[in-house]
Amino acid sequence: MRIGILGTGTLAEGLGRGWVQAGHELVIGGRSRAKADALAESLGGPTRAATPREAVTGRDAILLAVLWSGVDDILRSAGAADGALAGMPLIDPTNAVEHGVGVLLTEHGASAAGRIAAAAPGAHVVKAFHLHPADQWTRRPVGAGEESPAPTVTICGDDATALRVVSALISDVGGVPAVLGPLDRARQLEEVAGFVIGLAFAGFDPASAVPHVPAGGA
């Protein structure tokens, strides 16, 4: 696929490296052209840097890999309000939460994904990749002959084709896609991220707070 990445941070690098290894073509667009150039060179393969607007033109999918505080700025630079992302799967891995606390910064009942969809009319927003650390996608096997279990990546969105595209990209980096439902469930996924972040910063293992339930709900 032809993938545009808006952002130059650790998630852009982690997923970008996995997608290059899977044979995809990447265009990196960031607020700093120097950082975009450096990341493109680091990722290698058919990867190049461009302006944010160029990075979203003619792509099969777009990754919005910036902090929540930078979302409005990068979408403006990409021409989102003018429909530059219309018809494209737009992957939203953002966490709009208070640092170290996990309380959501969006107004009551609203989701970050919903606000992104409003700011990028016509884009097919898919919430994904917001629960795992960036190095998850470049992590090596944990021991001789032993590999880390494949992470389940829960996603939601309204467009069936976009969900299929994002599911394929999840599989390409070693994840297992799990569609939770339409985009109006994004708030639920974002609350889960706040729960995980809050526990982790308080010194607790979030996994220990989630009971093991067999698949199928038995």
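What counts, and at which threshold
Residues numbered from 1 in each chain as written. Predicted model: local features only at pLDDT ≥ 70, side-chain atom pairs only at ≥ 80, totals over all residues. Heavy atoms only, no water. UniProt positions renumbered as here; feature names shortened; annotations may be inferred. Helix = DSSP H or I, 4+ residues; strand = E, 2+ residues; numbered from the N terminus. Contact = heavy atoms within 4.5 Å. Core = buried A, V, L, I, M, F, W, Y, C linked by side-chain atoms within 4.5 Å. Buried < 20%, exposed > 50% of the residue type's maximum accessible area, 1.4 Å probe, protein only. Polar contact = N/O pair within 3.5 Å; in protein donor to acceptor, adjacent residues only side chain to side chain. Expected span 1.5 Å × (residues − 1). Pairing = 2+ DSSP bridges. Axes fitted to C-alpha atoms, helices over the stretch in contact; angles between N-to-C directions. Salt bridge = Lys/Arg side-chain N within 4 Å of Asp/Glu carboxyl O. Right-handed = clockwise from strand over helix to strand, strands pointing away. Phe/Tyr/Trp six-rings, centres within 6.5 Å; stacked < 30°, edge-to-face > 60°.

The positions that UniProt labels "domain: Pyrroline-5-carboxylate reductase catalytic N-terminal" (unreviewed entry) are, in the present scheme, residues 2-95. Between the first and last C-alpha atoms of residues 2-95 the distance is 25 Å; the span itself is 37% helix and 23% strand.

Here we come to the environment of Gly 79. Examined against the element boundaries, Gly 79 turns out to sit in the loop between helix H4 (71-78) and strand E5 (89-92). Along the backbone, Gly 79 and Ala 119 are 40 residues apart, and their C-alpha atoms lie at a distance of 9.9 Å. Apart from residues lying up to four places away in sequence, Gly 79 is in contact with Arg 53 and Ala 84.

Counting 32 residues, the largest nonpolar core has Ile 5, Leu 15, Trp 19, Ile 91, Ala 128 and Phe 129 as the members making the most contacts within it. Those elements that provide at least two residues to this core are strand E1 (2-6), helix H1 (10-21), strand E2 (25-29), helix H2 (33-43), strand E4 (61-64), strand E7 (152-157) and helix H6 (160-172). It is H6 that contributes the most residues to this core, six residues altogether. Not counting the four nearest positions on each side in its chain, Leu 15 is found in contact with Leu 63, Phe 129, Trp 137 and Val 173.

This paragraph deals with the side chain of Ser 167. Within the secondary structure layout, Ser 167 lies in helix H6. When its relative accessible area of 16% is taken as the criterion, Ser 167 is described as buried. Polar contacts involving the side chain of Ser 167 include one to the main-chain carbonyl oxygen of Leu 163, which spans 2.8 Å. For Ser 167, the residues in contact, after removing those within four places along its chain, are Ile 155, Pro 177 and Val 179.

Now for the side chain of Asp 92. Inspection of the secondary structure assignment puts Asp 92 in strand E5. A distance of 2.5 Å separates the side chain of Asp 92 from the side chain of Thr 94, its partner in a polar contact. Those residues in contact with Asp 92 that lie beyond four places of it in its chain are Ala 112, Ala 113, Ile 116, Val 125, Val 126, Lys 127, Ala 128 and Glu 190.

For H6, spanning 13 residues, the distance from its first C-alpha to its last is 19 Å, which sits close to the expected 18 Å at 1.5 Å a residue. Residues Ala 162, Leu 163, Val 165, Val 166, Ser 167, Leu 169 and Ile 170 constitute the buried set of H6. Where H6 begins, the side chain of Asp 159 points an oxygen toward the backbone nitrogen of Thr 161, at a separation of 3.2 Å. Following H6 by one or two positions, Gly 174 adopts a phi angle in the positive range, close to 90 degrees.

Let's shift gears to H1. The terminal C-alpha atoms of H1, which comprises 12 residues, lie 17 Å apart, in line with the 16 Å expected from a rise of 1.5 Å per residue. Buried within H1 we find Leu 11, Ala 12, Gly 14, Leu 15, Gly 16, Gly 18, Trp 19 and Val 20. Positive phi appears at Gly 23, one or two residues downstream of H1, with a value of about 95 degrees.

Sheets are built from strands paired through backbone hydrogen bonds, the pairs being either parallel or antiparallel. Here we have eight strands laid out as an open sheet, ordered E3-E2-E1-E4-E5-E6-E7-E8, and mixed in their pairing. The outermost strands of the open sheet, each flanked by one partner alone, are strand E3 (47-50) and strand E8 (176-181). Looking at each pair of strands side by side, their axes are set apart by 25 degrees on average, direction ignored. H2 contacts E2 and E3 of the sheet and is inclined by roughly 175 degrees relative to E3. The sheet contacts of helix H5 (residues 112-119) involve E4, E5 and strand E6 (124-127), and relative to E6 the element is tilted by about 160 degrees.

All chains considered together, the criterion is met by nine salt bridges. Salt bridges sharing partners connect three or more residues here, namely Asp 92, Lys 127 and Glu 190.

Two faces make up the sheet, and in a regular strand the side chains alternate between them. Burial runs high along E1: four of the five residues are buried. Between E1 and its parallel partner E2, the chain crosses via H1, and the hand of that crossover is right-handed. Of the strand pairs in this sheet, E1 and E4 are connected by four bridges, and their pairing is parallel. Bridging across to E4, Ile 3 finds its partner in Ala 61.

Enumeration according to the criterion identifies two aromatic pairs in this entry. Arranged with centres 6.2 Å apart and planes meeting at 75 degrees, the rings of Trp 19 and Phe 129 form a pair that is edge-to-face. Here the residue Trp 19 occupies a position in helix H1, and Phe 129 occupies one in the loop between E6 and E7, the gap between them amounting to 110 residues. Taking the relative accessible area as the measure of exposure, Trp 19 reaches 0% and is therefore buried. Taken together, the ring pairs in this structure connect Trp 19, Phe 129 and Trp 137 into an aromatic cluster.

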